[in-house]
Amino acid sequence: MEEKYYKYELDVKKMNVIILIAFIPFTVLMCVYPIFFSTAFDRFYLTFAGLLIVFALHEVLHGIGYSFFAKDKKKIKYGVALEKGVLYAMCQDMISKKGIIVSLILPLIVLTFILGVVGIIIKSSLL
């Protein structure tokens, strides 16, 4: 049986919507737990720094997912497109559909489920 290979193309409009949606949990967090944030500037900078860390970790996890299935690890590229306002991880090697699915789901599993469970265990409202 012949495997089909796909290339993942980044849709900038969808990515911007995802970034906009990502601001919602931090905004809710600032309203629910204002004691952690002393001034509006502290809230803004903490939110901005937290989002940058999460976005970078998200893309690194995509890259880790690509590395499981890519034959040439040197074809996995990370970068920032400032004119588009996005961070990205890109695999320029042909990988299977299963590889794409794993690399796309890996950030969801790690950043949502695993950190959520860790947050419950250590009783951290921020996680």
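Residues numbered from 1 in each chain as written. Predicted model: local features only at pLDDT ≥ 70, side-chain atom pairs only at ≥ 80, totals over all residues. Heavy atoms only, no water.

## Focus on the overall build of the protein
The number of helices and strands found in the protein is three helices and four strands. Overall, the protein shows an N-to-C arrangement of helices and strands of β-α-α-β-β-β-α. A separation of at least 24 residues holds for 59% of the contacts in the protein among residues at least 6 apart in sequence. Surface exposure of the protein reaches about 9400 Å², of which carbon and sulfur atoms provide 71%. (Helix = DSSP H or I, 4+ residues; strand = E, 2+ residues; numbered from the N terminus. Contact = heavy atoms within 4.5 Å. Areas by Shrake-Rupley, 256 points an atom, 1.4 Å probe, with all protein chains shown as cover.)

## Structural notes on the side chain of Asp93
Here Asp93 lies in the loop between strand E3 (86-91) and strand E4 (95-96). No salt bridge is formed by the buried Asp93, whose closest oppositely charged neighbour, Lys75, lies at an N-O distance of 4.6 Å. Within polar-contact distance, the side chain of Asp93 engages the backbone nitrogen of Lys71 at 2.9 Å. (Buried < 20%, exposed > 50% of the residue type's maximum accessible area, 1.4 Å probe, protein only. Lys, Arg positive; Asp, Glu negative; His and termini not counted. Salt bridge = Lys/Arg side-chain N within 4 Å of Asp/Glu carboxyl O. Polar contact = N/O pair within 3.5 Å; in protein donor to acceptor, adjacent residues only side chain to side chain.)

## Thoughts on the side chain of Glu59
Here Glu59 is to be found in helix H2 (residues 40-69). One polar contact links the side chain of Glu59 to the main-chain amide nitrogen of Ala89, over a distance of 3.0 Å.

## Section: helix H3 (residues 97-121)
Between its first and last C-alpha atoms H3 spans 35 Å; for 25 residues at 1.5 Å apiece the expected length is 36 Å, and the two agree. Taken as a whole, H3 carries its principal kink of about 30° at Ile105; the proline Pro107 stands between one and four residues after it. Looking one or two residues past H3, Lys123 carries a phi angle of roughly 55°, positive in sign. (Expected span 1.5 Å × (residues − 1). Bend = angle between axes of the 7 residues up to and from the residue.)

## Notes on the environment of Lys73
You can see Lys73 is positioned in the loop between H2 and strand E2 (76-81). As a C-alpha pair, Lys73 and Gln92 span 19 residues in sequence and 9.5 Å in three-dimensional space. At a separation of 2.7 Å, a polar atom in the side chain of Lys73 contacts the main-chain carbonyl oxygen of Ser67. For Lys73, the side chain forms a polar contact with the main-chain oxygen of Ala70, separated by 2.8 Å.

## Things to note about the pairing of E3
One ladder, built from six bridges, connects E2 with E3; its direction is antiparallel. Bridged to Tyr78 within E3 is Ala89. Taking the residues that link successive antiparallel strands as the turn, the E2-E3 hairpin has four residues, and the phi of Gly85 there is positive, at about 75°. (Pairing = 2+ DSSP bridges.)

## Re a nonpolar patch on the surface
Nonpolar side chains collect at one region of the surface, where Ile101, Leu104, Ile105, Leu108, Ile109, Phe113, Ile114, Val117, Val118, Ile121 and Ile122 lie side by side and expose about 950 Å² of accessible area between them. The residue Ile114 is located in helix H3 in this model. What makes Ile114 partly exposed here is its relative accessible area of 44%. (Patch = residues over 30% accessible without salt bridge, like charges linked within 9 Å, V, L, I, M, F, W, Y side chains within 5 Å.)

## Overview of the environment of Thr47
Here Thr47 lies in helix H2. Since its relative accessible area comes to 7%, Thr47 is described here as buried. Between the C-alpha atoms of Thr47 and Phe23, which are 24 residues apart in sequence, the distance is 8.2 Å.

Just geometry here; none of it tells us what the structure is for.
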